[in-house]
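For reference, the chains in residue letters:
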Amino acid sequence: MRNITEQSLQADIDAGKDALEDAKDGSEDDEEDTKSNTFEERRDEIMKMQWEMSMHLDFARFAAGNALDLISLALSADPNKRAPSSFSQTFRAAGLDKGFSFGTMGLAKENHEHDVVKTAELERRTEQQKKQDLVAKAARLQALDTATDEILKAAKDLEKEVRKETKYWQEIVSISDKGWPIHRMRSQRQPAPFAVRYGFPEANPHFKARGSAPLRMDKDGGIILDPNLALKPKTLRIRIIEGGRITGSSQLPVESVGEGLAVEKSIRLARDSLLEEELFHEMSLETRQLLPYGVRLRDSVITVDAPGMDTTTRQLLIDCIPREDKVPDGQDHTYDWLAQAIAEALRLLLTHEHSMRLYRRTQLPPPLTSRKQERKTPPLLRTLLAMLQHLQNVDSLFAYLNKVSNTLGGAGLETPVEASREESLSKLQVSLATSNNKDLSASDQLLNIFTRPYTGKATVTLPSGQGSPSEQLIVAIRTVIGAPTFGTEYRLTLPSSVATDLGLSTENRFQNTADIVSYLDWVLSLHIAHRVLKGEYADRATTKGTEARVTIASKSSKKGQSVKRNIKVELSEGLLALHLSNSEDSAQETQSWSGKGNEVALQEKVQEWVG
Amino acid sequence: MHELLLYGQVSAARHDQVLKILAGFAAMQPRRILQRRIIYRPEREPEEPGSHLRRGGTQNVAVKQKQQSTTPTQLYYTHLVQKLSDEDFGKGDSKASETLSADVDFEGGQEPRWSSLFEDMPDTGDRGVSIRFTNSTDLIGGDPHTFMITSGPNRFVTEYYVEGHRFVHGNVVVFLHRILHEPAVRNLQTGPKVNPPAFDSLQLLDQSGTYILEAKVRVQDFKDASVLEAGVNELKAFQTSMRGCVELSLPDRLTMDTRVKYKLAPGVVTKAQAQQAQAPQNR
């Protein structure tokens, strides 16, 4: 085969060699046709072939035996290799057994330098040399040819690979530059060297596992979107329903096409979605504890009763919907601001819970005990409920207090009211400045206030007669969703002098606004009657029992008989009324104040009546 | 409360690296800890070992074993631990009138800074971790030094400072620290300083600057085998994960002995000492 080159084949074709072979084939075919002519001829032919074959075989055996014997004999010069079995059978029988000794043949290298080669032989050799050179050259050329092809192919592959890697790395760098942490994949199962982490490190374990996605390469080097990233982004939606009508809703806007790669966008969306889903998950777990507060979870919608304006019932509907969903048109947007604020507050609370988890984790752990620590759901809905309830209660109470203050002011009895809805917020700056907790950031300390009980405080300075020291009535409003009050508690602290004068206890607790309002009405009217008026007409006035009534005798006239007049003080729904009745006749007179201004002062009126 | 402990060493050169590894492992920033520890020793000398056993024959009628004497047979060194911050150092020498104060302002959200600490000798059991009983009591008022002096009665031995970083990984508390002390004045002191000296003036106890890595799990229900097992396993899991970074090992329990050793009164020659003294003469 070595001699077969393109040229030689061409030469062969030119010389018509193949034609010859064709002719040969043809003749064989012919022979087959003629062979079966006679049995005799066929047998002779086979016999001849047999003979020829056996002759060849004999000769081959003879030559092989000779070669074997020759080599064995040559080897037998070495005493170690003298084994009769290595010789052929014939040689053993005819030679060795008849005294032919080992090592009788020697071999030596010979110098052929001075050999005289015959011309024919020389020619033959040069001819062969030439042929071999030619073949070698051809083979080399062919090898070079394939090598070039291979190298070209490899270069092409390499170029493709380089382009692919460049693109992949460009995308990775671009993602990394945007601040996403990239880390190596520890498990070798997935053929992705790197993964991006976009989840929150302190998230619920279920969501933490979803917070990372491998960055795999596709055919062109782009990054394949992981199933985690390709999920439909979701968003929290809060709707406000008043009287069966949706009056406001909040929802993250559908992501506008921003700058950057598609991967970055989907990472960002996935991150947002993860927070929203975790938020909803935690809240739906929380609803189980909040059934008594009217929180329901039905059809993946959380319903929260919220105090509404005036008398309408207001409900919050919280659900988690795909982000692409459009806001239906023709909706009322009156309370969009409220819904937005609630949604933002819930998000802030969850992120606060995340940092609190880190904080708790890094504190010295309690010693191990057999009691398992249960994992508490973060207070999200609880905080929201407490806030809504607290604000409503505080506002309604403060509205009442202001009204009363106004009315009493109109009647000439100055009762300034000082109120703060949430105490710790009002002294926030001081508490943050002096805080010595280094592990919590200021924003977390701020948010921490919301997870603690809310305490509102109102201070009412009681009207007093001239000269007597001013006394203060303190109303503290505390809201906790949980033990011990499970709602709002009002604590009224009376100044001790008032308490002793009126025979009341200094501290009273109430469960709802109506209770404390009626109690305050009563206490204030009692205070006016028993202390303010009585203080003014000290020697002439008498009071009786726990009724807001004062009996004032008229100035002792010369007649000796004084007229006793009953004055009853009534304060209700911000309206102050004085009822005058005489003990003798049934004539009655009534004067009322509503705080509209330009009215006669109470004390003057009484003066006028009593004289 | 019992503590499960493992210790390792980190050379000063590797400190930063190990600090970073631990921060990554525990997923938290290191928390810098500065402490002062003051050692107290009981005033009473320990009894001679075996002195409660009867020696030789007796003519007394055999009676039941005497009631356990009320005084404890073992005496221990105790610690006073003060949490410090960087600002506390180098406030200058204290005046004679100043005293230590452990008063805590709970209203202002302060945590107690002083605590008295008792550490027992580690248990003999072999669980692959060192187990010892400890008891720590926070002091929330008064002069802690006086408290310790009178509660023993104890006397002041010495004070030293601990500087390092703390990590928390699950229930394992990792404390990478080294010990500092004030050179020279140690032997002259009769009581703890009111204000610690400047931080720069402190010297390392181990001049090479090697850090100690202490991994600790605290166990409340020591009697509950499953709780103890869980604690041991968690600590061992930490040991395994740190392999190749820091080799954590079980210290020799005798090196952590907190008992006061019995010392012969001066002048008394024991039989063994007498024999030893005579031996060369006989030769």
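This structure is a prediction, so every number in the text was calculated from the model and none was measured.

1. Considering the overall build of chain A
And step 1. Secondary structure assignment for chain A yields 16 helices and 19 strands.
And step 2. Within chain A, the proportion of its 611 residues that are buried is 36%.
And step 3. Across chain A, the fraction of contacts at a sequence separation of at least 24, relative to all contacts at a separation of at least 6, is 55%.
And step 4. Put simply, chain A shows about 38200 Å² of open surface, and 54% of that area lies on carbon and sulfur atoms.

2. What about the sheet that holds strand S11 (residues 454-461) of chain A?
All names here are of chain A.
And step 1. One open sheet accounts for 5 strands, arranged S10-S11-S12-S13-S14; its pairing is antiparallel. Since the sheet does not close on itself, it has two edges, and those belong to strand S10 (417-420) and strand S14 (507-510), each with one partner. For this sheet, the mean inter-axis angle between neighbouring strands, taken without regard to orientation, is 15 degrees.
And step 2. By the bridge criterion, 4 bridges tie S10 to S11 in an arrangement that is antiparallel. Within the sheet, the bridge partner assigned to Glu418 lies in S11 and is Thr459.
And step 3. Helix H10 (residues 381-410) rests against S10, S11, strand S12 (472-480) and strand S13 (487-493) of the sheet, and its axis sits at about 5 degrees to S11.
And step 4. Running at roughly 15 degrees to S13, helix H15 (residues 513-536) makes contact with S12, S13 and S14 of the sheet.

3. Digging into the pairing of strand S17 (residues 564-572) of chain A
All names here are of chain A.
And step 1. Both strand S16 (residues 549-553) and S17 contribute to a ladder of 5 bridges, which runs antiparallel. Paired with Ala553 across the strands is Lys564, a residue of S17.
And step 2. The pairing of S17 with strand S18 (residues 575-582) spans 8 bridges and is antiparallel. For Asn566, the partnering residue across the bridge sits in S18 and is Ser581.
And step 3. Between the end of S17 and the start of S18, which pair antiparallel, lie 2 residues, with Glu573 showing a positive phi angle near 50 degrees.

4. Overview of the pattern of salt bridges
And step 1. Following the criterion strictly, the structure yields 34 salt bridges over all chains and no others.
And step 2. Across the salt bridge formed by Arg314 of chain A and Glu242 of chain A, the nearest N and O atoms sit 2.9 Å from each other. Taken together, the positions of Arg314 of chain A in strand S9 (residues 314-322) and Glu242 of chain A in strand S5 (residues 234-242) put the pair 72 residues apart, joining distant regions of the chain. Assigned by exposure class, Arg314 of chain A and Glu242 of chain A land together as buried.
And step 3. The residue Arg127 of chain B makes a salt bridge to Glu229 of chain B at a minimum N-O spacing of 3.1 Å. Here Arg127 of chain B is found in the loop between strand S4 (114-119) and strand S5 (130-139), whereas its partner Glu229 of chain B is found in helix H3 (residues 225-241), with 102 residues between them in sequence.
And step 4. Relative accessible area serves as the criterion here: at 34%, Arg127 of chain B is assigned to the partly exposed category.
And step 5. With a relative accessible area of 34%, Glu229 of chain B lands in the partly exposed category.
And step 6. Each of the salt bridges in this network shares a partner with another, and the network as a whole consists of Glu278, Glu282, Glu353, Arg357 and Arg360 of chain A.

5. A short note on the interface of chain A and chain B
And step 1. Taken together, the contact between chain A and chain B spans 14 residues of the former and 22 residues of the latter.
And step 2. Of the roughly 1500 Å² buried at the junction of chain A and chain B (both faces included), carbon and sulfur atoms supply 53%.
And step 3. At the boundary of chain A with chain B, the tally comes to 0 salt bridges.
And step 4. Summed over the shared surface of chain A and chain B, the result is 7 residue pairs in polar contact (both at pLDDT 80 or more).
And step 5. Along the lines of polarity and charge, the residues of the side of chain A that touches chain B split into 6 nonpolar, 5 polar and 3 charged.

6. A few points about the nonpolar core
Residue and element names in this part refer to chain A.
And step 1. Core analysis: the largest hydrophobic core is formed by 50 residues, its most contacted members being Tyr198, Met283, Ile318, Leu346 and Leu381.
And step 2. Per-element accounting of this core gives the leading share, 8 residues, to helix H8 (residues 262-286).
And step 3. Sequence-distant contacts of Leu381, defined by excluding residues within four places in its chain, comprise Met283, Glu286, Thr287, Leu290, Val295, Ile302, Val304 and Ile318.
And step 4. Core analysis: the second largest hydrophobic core is formed by 49 residues, Leu473, Tyr490, Ala529 and Ile552 among them.

7. As for the UniProt feature "coiled-coil region" (unreviewed entry) in chain A
And step 1. When the UniProt feature table is mapped onto this chain numbering, "coiled-coil region" (unreviewed entry) sits at residues 117-161 of chain A.
And step 2. Between the C-alpha atoms that bound residues 117-161 of chain A the distance is 62 Å, and the span itself is 96% helix and 0% strand.

8. A few points about the sheet that holds S16 of chain A
Residue and element names in this part refer to chain A.
And step 1. Across the sheet, which stays open at both edges, the 5 strands sit in the order S15-S16-S17-S18-S19 with antiparallel pairing between neighbours. Both edges of this open sheet fall to strand S15 (541-543) and strand S19 (588-593), since each of them pairs with a single strand only. Strand-to-strand twist of the sheet, defined as the mean angle between neighbouring strand axes without regard to direction, takes the value 20 degrees.
And step 2. Along the sheet face, H10 touches S17, S18 and S19 and points at about 45 degrees away from the line of S18.

9. Details of the packing of aromatic side chains
All names here are of chain A.
And step 1. Enumeration over the complete set of coordinates arrives at 12 aromatic pairs over all chains.
And step 2. Seen from their ring centres, Trp169 and Phe194 are 5.3 Å apart, and the 75 degrees between their planes marks the pair as edge-to-face. Residue Trp169 is located in helix H5 (residues 119-177), and its partner Phe194 is located in strand S2 (residues 194-197); the two are separated by 25 residues in the primary sequence.
And step 3. Grouped by ring-pair contacts, the aromatic residues Tyr168, Trp169 and Phe194 constitute a single cluster.
And step 4. In this structure, Arg314 is placed above the aromatic ring of Tyr335, and the distance from its NZ or CZ to the ring centre is 4.6 Å.

10. Let's talk about the packing of H10 of chain A against H15 of chain A
How two helices pack is summed up by the angle between their axes together with the distance between the axes.
All names here are of chain A.
And step 1. It is at 11 Å that the axes of H10 and H15 come closest, and there the two elements cross at 20 degrees. When the axis of H10 is compared with that of H15, the two are roughly parallel. Helix-helix and strand crossings are classified by hand; for H10 and H15 the assignment is right-handed. Between H10, through Asn393, Ser396, Leu397, Tyr400, Leu401, Val404 and Leu408, and H15, the contact on the second element is made entirely by Thr513, Ile516, Val517, Leu520, Asp521, Leu524 and Ile528.
And step 2. Considering only residue class, the contact of H10 with H15 consists of 10 nonpolar, 3 polar and 1 charged.

11. Observations concerning the side chain of Gln82 of chain B
And step 1. Here Gln82 of chain B lies in strand S3 (residues 78-84).
And step 2. Contacts of Gln82 of chain B, omitting those with residues within four sequence positions, involve Leu34, Gln35, Arg36, Arg113 and Trp114 of chain B.

12. Regarding unusual backbone geometry
And step 1. Positioned with a positive phi, Asp299 of chain A is a non-glycine residue whose angle comes to about 50 degrees.
And step 2. Examined against the element boundaries, Asp299 of chain A turns out to sit in the loop between strand S7 (295-298) and strand S8 (301-306).
And step 3. A relative accessible area of 70% places Asp299 of chain A in the exposed class.
And step 4. Phi at Ala27 of chain B takes a positive value of approximately 55 degrees, unusual for a residue other than glycine.
And step 5. Residue position: Ala27 of chain B is located in the loop between helix H1 (15-26) and strand S2 (31-42).
And step 6. Accessibility expressed as a relative area gives 44% for Ala27 of chain B, which makes it partly exposed.

13. Re the packing of helix H9 (residues 336-362) of chain A against helix H13 (residues 442-451) of chain A
Residues and elements named next belong to chain A.
And step 1. At a minimum axis separation of 10 Å, H9 and H13 run at an interaxial angle of 110 degrees. Here H9 is positioned roughly perpendicular relative to H13, judged by the angle of their axes. Judged by the twist between their axes, the crossing of H9 over H13 is left-handed. Contacts from Leu348, His352, Ser355 and Met356 of H9 reach H13 at Asp444, Leu447, Asn448 and Thr451.
And step 2. For the contact of H9 with H13, the residue count by class is 3 nonpolar, 4 polar and 1 charged.

What counts, and at which threshold
- Residues numbered from 1 in each chain as written.
- Chains lettered and ligands numbered in written order.
- Predicted model: local features only at pLDDT ≥ 70, side-chain atom pairs only at ≥ 80, totals over all residues.
- Heavy atoms only, no water.
- Helix = DSSP H or I, 4+ residues; strand = E, 2+ residues; numbered from the N terminus.
- Buried < 20%, exposed > 50% of the residue type's maximum accessible area, 1.4 Å probe, protein only.
- Contact = heavy atoms within 4.5 Å.
- Areas by Shrake-Rupley, 256 points an atom, 1.4 Å probe, with all protein chains shown as cover.
- Pairing = 2+ DSSP bridges.
- Axes fitted to C-alpha atoms, helices over the stretch in contact; angles between N-to-C directions.
- Salt bridge = Lys/Arg side-chain N within 4 Å of Asp/Glu carboxyl O.
- Buried area = accessible area lost by both parts, 1.4 Å probe.
- Polar contact = N/O pair within 3.5 Å; in protein donor to acceptor, adjacent residues only side chain to side chain.
- Nonpolar A, V, L, I, M, F, W, Y, C, P; charged D, E, K, R; others polar.
- Core = buried A, V, L, I, M, F, W, Y, C linked by side-chain atoms within 4.5 Å.
- UniProt positions renumbered as here; feature names shortened; annotations may be inferred.
- Phe/Tyr/Trp six-rings, centres within 6.5 Å; stacked < 30°, edge-to-face > 60°.
- Lys NZ or Arg CZ within 6 Å of the ring centre and 35° of its normal.
- Parallel < 35°, antiparallel > 145°, perpendicular 65-115°, else oblique.
- Left-handed = near helix turned anticlockwise from the far one by under 90°.

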